[in-house]
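# Structural description and commentary
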2 protein chains.
Amino acid sequence: MAKPPASNQNGFPPARHDHARCVARALEQAEGICAKRSAQFTGLRRQVLGIIWNSHSPIGAYEILAALSSRERRPAPPTVYRALEFLQAHGLVHRIESKNAYIGCAHLETAQHAGQFLMCRACGQTAEACDKDLSRAIQKLAEKSGFSLEEQTVELSGLCPACKSKNRHAA
Amino acid sequence: MAKPPASNQNGFPPARHDHARCVARALEQAEGICAKRSAQFTGLRRQVLGIIWNSHSPIGAYEILAALSSRERRPAPPTVYRALEFLQAHGLVHRIESKNAYIGCAHLETAQHAGQFLMCRACGQTAEACDKDLSRAIQKLAEKSGFSLEEQTVELSGLCPACKSKNRHAA
DNA sequence: CACCGTAATGTTATACTATAACATTAGATC
DNA sequence: GATCTAATGTTATAGTATAACATTACGGTG
Ligand SMILES: [Zn+2]
Ligand SMILES: [Zn+2]
Ligand SMILES: [Zn+2]
Ligand SMILES: [Zn+2]
């Protein structure tokens, strides 16, 4: 029985936490999910997912590409985009539209879902929420509008708790 | 006292409506808003806003650029992006992050606001909602997370009422 | 194991989106 | 009209993403 990933109740990871466990856990769960669907969790895909999980901030495709330079043959853009496509298709990462960037899914135990993201403009840390009331409000709006909802993008930007209090002290 | 813009209760414009009025109204209101702030609603800016309002679907910057080719001198990208920057800054248009595209604000009477968009994947028509419950749910989530909310992106994709019923008949 | 078919990755070129930096023109102010 | 600033023009380039085709790795079959 794995412990839940390090995080405060607010969804943001504590400033100092055992991040290696976050990564290990994500890779482990990913492996399990892919196995269940007999999807190939190849070395490349694992490596890309690991790079994305290297931080709790969204990372751009070309940053991922740069991080892959350790490989003997430095891959080209399509390689990264294909890996991202796979990871997104299996719900292992989410795309942050407002940043053209990608982040690891923090709710792998929840079947295919659209993320709700709280993104700190100061430190970049991004928390993935899964707020029932918010989901319900969106559903209601769609219904009220006679709209058949298929995909959703909810990205909130501002200051995370840590940066907020830092700022207050600075001021 | 101007009549409200053509729209069903669901926020989507009726299939056939006097769209010239939509455009005229938007330009008129924009003019008033700019005047109040002594911001220059120049010919270029007016033309760009007109192009954007040409439809109820988001339009890309380079499409706008192409539509500007009527000008004696075909402008370059920065020209369009600067006009867009101005229009966004004054709340006259919104950027749709998930499409890299821009759409006219449908709630000019509401002071600076973040839009909530319902986008039809079939016809492209996009409705701007202003749902109180949804806004409240987002506020609550932010508070609960100790997050200082500054900007938000809410983009919902699916089928609009018209396309939904078309689909049903087709199937 | 040799064979086959498919999925994954490599490779090259290019499309699409956006901005930096500097030159020129148009408008407001005095 | 001189002066200052805001707006637009112009050129070049950065950043993001995909098309198209070649090659390699993999899973199953006989
Ligand atoms: Zn961590
Ligand atoms: Zn997720
Ligand atoms: Zn209209
Ligand atoms: Zn609006």
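Residues numbered from 1 in each chain as written. Chains lettered and ligands numbered in written order. Predicted model: local features only at pLDDT ≥ 70, side-chain atom pairs only at ≥ 80, totals over all residues. Heavy atoms only, no water.

### Examining the coordination of the zinc ion (ligand 2)
All names here are of chain A. Heads up, the rule is: Here a donor is any nitrogen, oxygen or sulfur atom (N, O, S) within 2.8 Å of the metal, with 3.2 Å used for Na, K and Ca; water is not among the atoms considered, so some sites may look incomplete. Accessibility here uses a 1.4 Å probe with only protein chains present; expressed as a share of the type maximum, an area under 20% marks a residue as buried, one over 50% as exposed, and anything in between as partly exposed.
Coordination of the zinc ion (ligand 2) by the protein is provided by His94 (NE2), Cys105 (SG), His113 (NE2), Glu128 (OE) and Glu128 (OE), with metal-donor distances spanning 1.9 to 2.7 Å. In primary sequence terms, the donor set of the zinc ion (ligand 2) follows H-x10-C-x7-H-x14-E. Classification of Cys105 by relative accessible area gives buried; the value is 1%.

### Some words on the side chain of Glu128(A)
Residue and element names in this part refer to chain A. Quick note on the threshold: Think of it this way: any DSSP run of H or I at least four residues long counts as a helix, any run of E at least two long counts as a strand, and we number them from the N terminus. The charge count includes Lys and Arg as positive and Asp and Glu as negative, but it does not include His or the ends of the chains. Criterion for a salt bridge: a side-chain nitrogen of Lys or Arg within 4 Å of a carboxyl oxygen of Asp or Glu. For this analysis, residues touch if any pair of their heavy atoms sits within 4.5 Å.
Tracing the chain through its elements places Glu128 in strand 4 (residues 126-129). Buried charge without a salt bridge: Glu128, with Arg25 as the nearest opposite-charge side chain at an N-O distance of 11 Å. Discounting chain neighbours no more than four positions away, the residues touching Glu128 are His94, Gly104, Cys105, Ala106, His107, His113, Gly115, Gln116 and Phe117.

### Examining the pattern of salt bridges
Scanning the model with the defined rule gives ten salt bridges over all chains in all. Asp131(B) is paired through a salt bridge with Lys144(A); the nearest N and O atoms lie 2.8 Å apart. Taken together, the residues span two chains, with Asp131(B) in the loop between strand 4 (126-129) and helix 5 (132-144) and Lys144(A) in helix 5 (residues 132-144). Overall, Asp131(B) belongs to the buried group, its relative accessible area being 8%. The closest approach of N and O atoms between Glu150(A) and Arg121(B), which form a salt bridge, is 2.7 Å. Here Glu150(A), found in strand 5 (residues 148-159), pairs with Arg121(B), found in the loop between strand 3 (116-120) and strand 4, and the two come from separate chains.

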